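# Results of the structural survey
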Amino acid sequence: MTPQDASPDCRRSSSDTSRSTYSLTRRVSSLESRRPSSPLIDIKPIEFWAMGSKKEAVQPAVLRKPYVPADDYFHKFEPRLYSVDSSSDDVDSLTDEEILSRYQLGMLHFSTQYDLLHNHLTVRVIEARDLPPPLACDSSRQDMAHSNPYVKMSLLPDQKNSRQTGVKRKTQNPVFEERYTFDIPFLEAQRRTLLFSVVDFDKFSRHCVIGKVAMSLCDVDLVRGGHWWKALVPSSQNEVELGELLLSLNYLPSAGRLNVDIIRAKQLLQTDMSQGSDPFVKIQLVTGLKLVKTKKTSCMRGTIDPFFNESFSFRVTQDDLQDASLVFTVYGHNMKSSNDFVGRIVIGQYSTGPPESSHWRHLLTSHRTPVEQWHSLRSRAECDRVSPASLEVT
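This write-up is about the structure you can find in this document. Everything numeric here is computed off the predicted structure, so don't read it as measured data.

## A short note on the environment of Ser376
Among the secondary structure elements, Ser376 is positioned in strand β18 (residues 371-376). Between the alpha carbons of Ser376 and Glu244 there is a distance of 4.5 Å; along the sequence they are 132 residues apart. Each residue touching Ser376, except ones within four places of it in the same chain, is listed here: Gly243, Glu244 and Ile345.

Listed below in structure tokens is the structure:
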């Protein structure tokens with residue numbers, strides 16, 4: 001059949017198909033031109049044919065970015081890069097020569113060895129060299145042109161059971177030659193870090209930390225032992241803690257008695273350069289803002305870890321108990337002048353901090369039951385700032 005013989009219906013069908021194809025082509029071209037200003041569109045391949053009665057509508061799918069939770073976003077940050085104390089990582093990558101050149105705090109000579117037979121670690125503090133002198137010289141108080149160094153050591157993370165050398169007077173190159181033992185299982189010792197803090201003794205204020213050395217014991221052969229010279233690095237703790245005091249409180253409502261047990265103290269601030277310390281504790285009862293009674297323990301000679309085990313009783317009625325405060329002050333006995341202040345806490349209505357307040361609340365809710373707790377000593381200025389009862393005592 002020739003084209004001229006084709007029926008009008010066939011020609012009409014071919015014309016419709018051409019128009020449909022042309023229309024789809026224009027729609028695709030329009031979508032392509034709009035792509036930069038519209039969402040991404042996933043266009044499936046389209047075959048062009050004359051659509052019959054059973055046609056499928058093609059729905060373009062919009063591409064969406066996967067949802068990222070906010071937490072995952074912040075996990076991408078590295079906190080150490082934004083930390084104020086970000087120098088620790090730098091120190092770990094430096095040699096001792098580079099540390100000494102950067103900080104110029106001197107070096108510490110020490111040795112370690114583990115005794116498998118007796119299950120203890122022996123640490124020998126030998127000497128320090130080239131310690132920096134104090135920053136100022138005040139002839140009216142003491143010789144500030146030279147340091148009075150000593151060394152405190154502990155096995156981290158336990159900083160409470162530390163050891164301390166004697167004080168060496170007026171020297172930047174002290175020789176200690178002192179040995180200390182830590183009773184600790186071998187496997188536990190390998191998980192600890194040995195921390196040395198070189199401290200400058202100051203009779204009139206808190207002792208200042210010159211520098212520190214930290215050595216992970218898992219990195220050394222403890223049984224064989226060894227000697228090390230390590231450069232001191234700055235410590236984030238510029239002042240030495242004042243020590244801790246273990247107390248027990250018990251109230252007997254029927255008798256109207258407040259019983260106080262001074263059990264022991266540990267790691268008290270050393271107040272005498274040559275003999276260590278001769279500590280004692282003064283206990284003062286303040287009702288409201290009036291000093292009612294003062295008592296004190298006996299003096300323990302030549303120790304910074306004294307055991308007192310002394311009991312005291314104060315007459316306090318139940319009505320007065322709510323307004324009562326107990327002021328505990330640790331002194332170092334001084335035969336030549338006034339006693340040296342070590343530290344203080346206040347427990348009661350005008351407590352000096354959350355631990356002291358917690359101890360007092362337990363006492364009020366546990367009549368006839370002794371309540372025992374350790375307390376960290378505070379400076380006089382800190383106590384006077386937060387507790388009116390501290391201002392009422394001497």
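## A look at the nonpolar core
Leu245, Ile262, Leu326 and Phe328 are the most contacted members of the largest nonpolar core, which totals 30 residues. Mapped by element, the contributors of at least two residues to this core are β11 (244-252), β12 (257-266), β13 (279-287), β15 (307-315), β16 (324-332), β17 (340-348) and α8 (354-365). Those residues in contact with Ile262 that sit more than four places away from it in its chain are Leu245, Leu246, Leu247, Val281, Ile283, Thr297, Phe308, Asn309, Glu310, Phe312 and Phe328. Listed in part, the 28 residues of the second largest apolar core include Tyr180, Phe196, Ile210 and Leu232.

## Some points on unusual backbone geometry
In this model, Leu156 is joined to Pro157 through a cis peptide bond whose omega is 10 degrees. Phi at Lys170 is positive, roughly 50 degrees, even though this residue is not glycine. Tracing the backbone through its elements, the reader meets Lys170 in the loop between β6 (158-164) and β7 (175-183).

## Observations concerning the sheet that holds strand β3 (residues 107-115)
On the basis of which strands lie adjacent, the open sheet formed by four strands has the order β7-β4-β3-β10 and antiparallel pairing. In the strand order of this sheet, the two ends are held by β7 and β10 (226-231), each with one partner. In this sheet, neighbouring strand axes are inclined to one another by 20 degrees on average, regardless of whether the strands run parallel or antiparallel. The pairing of β3 with strand β4 (residues 120-129) spans nine bridges and is antiparallel.

## Some thoughts on the environment of Gly343
Tracing the backbone shows Gly343 in strand β17. Sequence separation between Gly343 and Leu377 is 34 residues; the distance between their C-alpha atoms is 5.0 Å. For Gly343, the residues in contact, after removing those within four places along its chain, are Leu242, Phe328, Thr329, Val330, Leu377 and Arg378.

## Things to note about the pattern of salt bridges
As enumerated under the stated definition, the model contains six salt bridges in all. Here Arg124 ties to Glu177 by a salt bridge, and the two come within 3.0 Å at their closest N and O atoms. Within this pair, whereas Arg124 is found in strand β4, its partner Glu177 is found in strand β7, the two being separated by 53 residues in sequence. Of the charged contacts, one joins Asp278 and Arg301 as a salt bridge, the two residues approaching to 3.7 Å between their closest N and O atoms. Pair noted here: Asp278 is in the loop between β12 and β13 and Arg301 is in the loop between β14 (290-296) and β15, with a separation of 23 residues, a long-range link. Judged by relative accessible area, Asp278 falls into the buried class, the value being 12%. Judged by relative accessible area, Arg301 falls into the exposed class, the value being 54%. One continuous salt-bridge network, built from bridges that share partners, spans Glu188, Arg191 and Arg192.

## A few points about α8
Taking 1.5 Å per residue as the helical rise, α8 with its twelve residues ought to reach 16 Å, and the 17 Å between its terminal C-alpha atoms agrees with that figure. Among the residues of α8, those classed as buried are Glu356, Ser358, His359, Trp360 and Leu363. Each element contacted by the buried residues of α8 is listed here: β11, β12, α7 (318-321), β16, β17 and β18.

Reading the values: the criteria
- Residues numbered from 1 in each chain as written.
- Predicted model: local features only at pLDDT ≥ 70, side-chain atom pairs only at ≥ 80, totals over all residues.
- Heavy atoms only, no water.
- Helix = DSSP H or I, 4+ residues; strand = E, 2+ residues; numbered from the N terminus.
- Contact = heavy atoms within 4.5 Å.
- Core = buried A, V, L, I, M, F, W, Y, C linked by side-chain atoms within 4.5 Å.
- Buried < 20%, exposed > 50% of the residue type's maximum accessible area, 1.4 Å probe, protein only.
- Pairing = 2+ DSSP bridges.
- Axes fitted to C-alpha atoms, helices over the stretch in contact; angles between N-to-C directions.
- Salt bridge = Lys/Arg side-chain N within 4 Å of Asp/Glu carboxyl O.
- Expected span 1.5 Å × (residues − 1).

Geometric values such as these leave the question of function open.
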